[in-house]
Amino acid sequence: MTVLHVRDHSGPDDDRPALLLLHAASRSLADWDAVAPHLTAGHRVLAVDLPGHGLSAAPSWSFDAVLSDLDETLAALGVTGAVVPVGHSLGGMVAALYAAERPDRVPGAVNLDGFWWGSPGQYPGLDPDEVTRRLADIGDMARASAGQRMPAEYVEQQARYSVGLGIPYERAEASFRASVRELPDGGWQLLPERECALEMLDALDALDLFALFRRVPCPLLLVRALHRVPPTPGLEWLDELMAAYGHGLARDLAVLVAERTGVTAEGIGATHAMLLEDPERVAELVRDFASRL
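Here the structure is a predicted model, which is why all the values come from computation and not from measurement.

## A short note on the sheet that holds strand β8 (residues 188-190)
Link 1 in the chain: Taken in spatial order, the three strands of this open sheet run β6-β8-β7, and their pairing is antiparallel. Taken across any chain shown, the strands that pair with only one partner, and hence form the sheet edges, are β6 (149-150) and β7 (180-182).
Link 2 in the chain: Taken together, the three bridges between β7 and β8 define a ladder with antiparallel strand orientation. Residue pairing in the sheet places Glu182 in a bridge with Trp188 of β8.

Shown next, in the form of structure tokens:
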């Protein structure tokens, strides 16, 4: 087990559960910097670099190892009481897993747009065989880019693109800079490094998320991004795919909420980059949920 890199945003040291903030794949705890200050009035707030991300090491990657590392990290911080895991994307999946596997210490969990790519049946209106081919294309692209080395202008380019989504340049630049490792030649190493990233992608592909959501015993908040990012030139098919997946998620979340007492589904008027786009609204959703536990 490994003690992970943590940013302790502080907050009241009482019997209220701590909030454990978990970031997306290939991101870092810095993504939470604009959200955390809106949460500290009611809870101690801890943001973590997941294994292989930011400043946290990882010799390999598995969900079991991630949960053990979170246990070790909380113990090192002296956090022995209740914890509410709040995760974005990959972090949201980890939050749901932690709630399912640690029911004695988790009174509730939040998953912010952590739904991965789903299954072909979750893309209504599209041919399932075509969806299968496109999902394979997406997987191939993700694996091809895993752990790549990027040129010196990478962080600036990503930050400038983010401005088009309404994200302040300084916030985006700091967030991207924290999610990569600077190389001696001025370039950037994407994280996790390649072998670890491939293990992470394999673990994500093997996860049946809606089965996981159904076995979480505590209250669970599932938040879906309502806006899509602008189409990427040459990948216009991806926009059509994501539009269909949005409809499929809305349908399947409605079924889940009807089946499972304690599961709540919300939408947020932002893209997947919601932590950077609308930190106040993200914090409001988390605060309201935590206040009901």
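## Let's talk about the pairing of strand β9 (residues 220-225)
Link 1 in the chain: The buried fraction of β9 amounts to six of the six residues, a majority that puts the element mostly inside the structure.
Link 2 in the chain: A two-sided burial pattern is seen for β9, the buried positions comprising Leu220, Leu222 and Arg224 on one face and Leu221, Val223 and Ala225 on the other.
Link 3 in the chain: For β9 and strand β10 (residues 263-268), the ladder comprises six bridges, and the chain directions are parallel. Across the sheet, Leu222 pairs through a bridge with Ala265, a residue of β10.
Link 4 in the chain: The parallel pair β9 and β10, bridged by helix α8 (residues 236-259), forms a crossover whose chirality is right-handed.

## A look at the sheet that holds strand β3 (residues 45-48)
Link 1 in the chain: The seven strands lie next to each other as β1-β3-β2-β4-β5-β9-β10, forming an open sheet whose pairing is mixed. Two strands lie at the open edges of the sheet, namely β1 (6-10) and β10, each paired on one side alone. Averaged over all neighbouring strand pairs, the angle between strand axes comes to 15 degrees, with direction disregarded.
Link 2 in the chain: Examined bridge by bridge, strand β2 (residues 18-22) and strand β4 (residues 83-88) share five bridges and lie parallel to one another. Directly across from Leu20, in β4, lies its bridge partner Pro85.
Link 3 in the chain: Contacting β2, β4 and β5 (109-112), helix α2 (residues 90-101) runs over the sheet at an angle of about 150 degrees to β4.

## Considering the nonpolar core
Link 1 in the chain: Leu70 and Phe213 are the most contacted members of the largest nonpolar core, which totals 51 residues.
Link 2 in the chain: Take this core: its biggest share by element is nine residues, from α2.
Link 3 in the chain: Ignoring any residue separated from it by four or fewer positions in sequence, one finds Leu70 in contact with Leu4, Leu20, Leu22, Val48, Val94 and Tyr98.
Link 4 in the chain: Ranked by size, the runner-up nonpolar core spans 25 residues in total, among them Leu19, Val35, Leu112 and Ala283.

## Here we look at the side chain of Gln189
Link 1 in the chain: Examined against the element boundaries, Gln189 turns out to sit in strand β8.
Link 2 in the chain: Judged by its relative accessible area of 6%, Gln189 falls in the buried class.
Link 3 in the chain: Polar side-chain contacts of Gln189 include one of 2.6 Å to the backbone oxygen of Gly147.
Link 4 in the chain: Of the polar contacts made by the side chain of Gln189, one reaches the side chain of Arg149; its length is 3.5 Å.

## Some words on the packing of helix α4 (residues 154-163) against helix α5 (residues 169-179)
Pairs of packed helices are described in terms of their axes, by the angle between the two and the distance that separates them.
Link 1 in the chain: It is at 8 Å that the axes of α4 and α5 come closest, and there the two elements cross at 140 degrees. Taken together, the axes of α4 and α5 lie oblique to each other. Every pair of crossing elements has a handedness; the one defined by α4 and α5 is right-handed. Contact residues: α4 offers Val155, Glu156, Gln158, Ala159, Arg160, Ser162 and Val163, while α5 offers Tyr169, Ala172, Glu173, Phe176 and Arg177.
Link 2 in the chain: Taken together, the residues of the contact of α4 with α5 break down into six nonpolar, two polar and four charged.

## Examining unusual backbone geometry
Link 1 in the chain: Note that the residue after Leu191, namely Pro192, is joined by a cis bond; omega there is 0 degrees.
Link 2 in the chain: Following the sequence through the fold, Pro192 ends up in the loop between β8 and α6 (194-205).
Link 3 in the chain: The phi dihedral of Ser10 is positive, around 70 degrees, even though this residue is not glycine.
Link 4 in the chain: Following the sequence through the fold, Ser10 ends up in strand β1.

How each quantity is defined
As a convention, each chain's residues are numbered from 1 in the sequence order in which they are written. A pLDDT threshold of at least 70 governs which residues receive local features in this predicted model, and a stricter bar of 80 or more applies before side-chain atom pairs are shown or counted, although totals over entire chains, interfaces and linings include all residues. Only heavy atoms go into the side-chain values, all of them from the structure, while hydrogens and water stay out. Pairing between strands is defined by DSSP: at least two bridges between them are needed. Working definition: helices are DSSP H or I runs of at least four residues, strands are E runs of at least two. Numbering for both runs from the N terminus. The cut-offs for exposure are 20% and 50% of the maximum accessible area for each residue type, with area from a 1.4 Å probe on protein chains only; residues under the lower value are buried, those over the upper are exposed, and the others partly exposed. Seen with its strands pointing away from the viewer, a crossover is right-handed if its path from the first strand over the helix to the second goes clockwise. Between the N-to-C directions of two axes lies an angle of 0 to 180 degrees, each axis being a line fitted to C-alpha atoms and, for a helix, fitted only over the stretch in contact. In what follows, a contact means two residues having at least one pair of non-hydrogen atoms within 4.5 Å. The criterion is simple. A nonpolar core is a set of buried Ala, Val, Leu, Ile, Met, Phe, Trp, Tyr and Cys residues joined through side-chain atoms within 4.5 Å. N or O atoms closer than or at 3.5 Å make up a polar contact, with two conditions inside protein: a donor-capable atom paired with an acceptor-capable one, and, for residues adjacent in sequence, both atoms drawn from side chains. Angle categories are assigned with fixed cut-offs, so that under 35 degrees is roughly parallel, over 145 is roughly antiparallel, 65 to 115 is roughly perpendicular, and the rest are oblique. Note on convention: the crossing is left-handed when the near helix lies turned anticlockwise from the far helix by less than a right angle, right-handed when the turn is clockwise. Residues are grouped as follows: Ala, Val, Leu, Ile, Met, Phe, Trp, Tyr, Cys and Pro are nonpolar; Asp, Glu, Lys and Arg are charged; all remaining types, including Gly, are polar.

Note that every value here comes from positions in space, so none of it alone points to a role or purpose.
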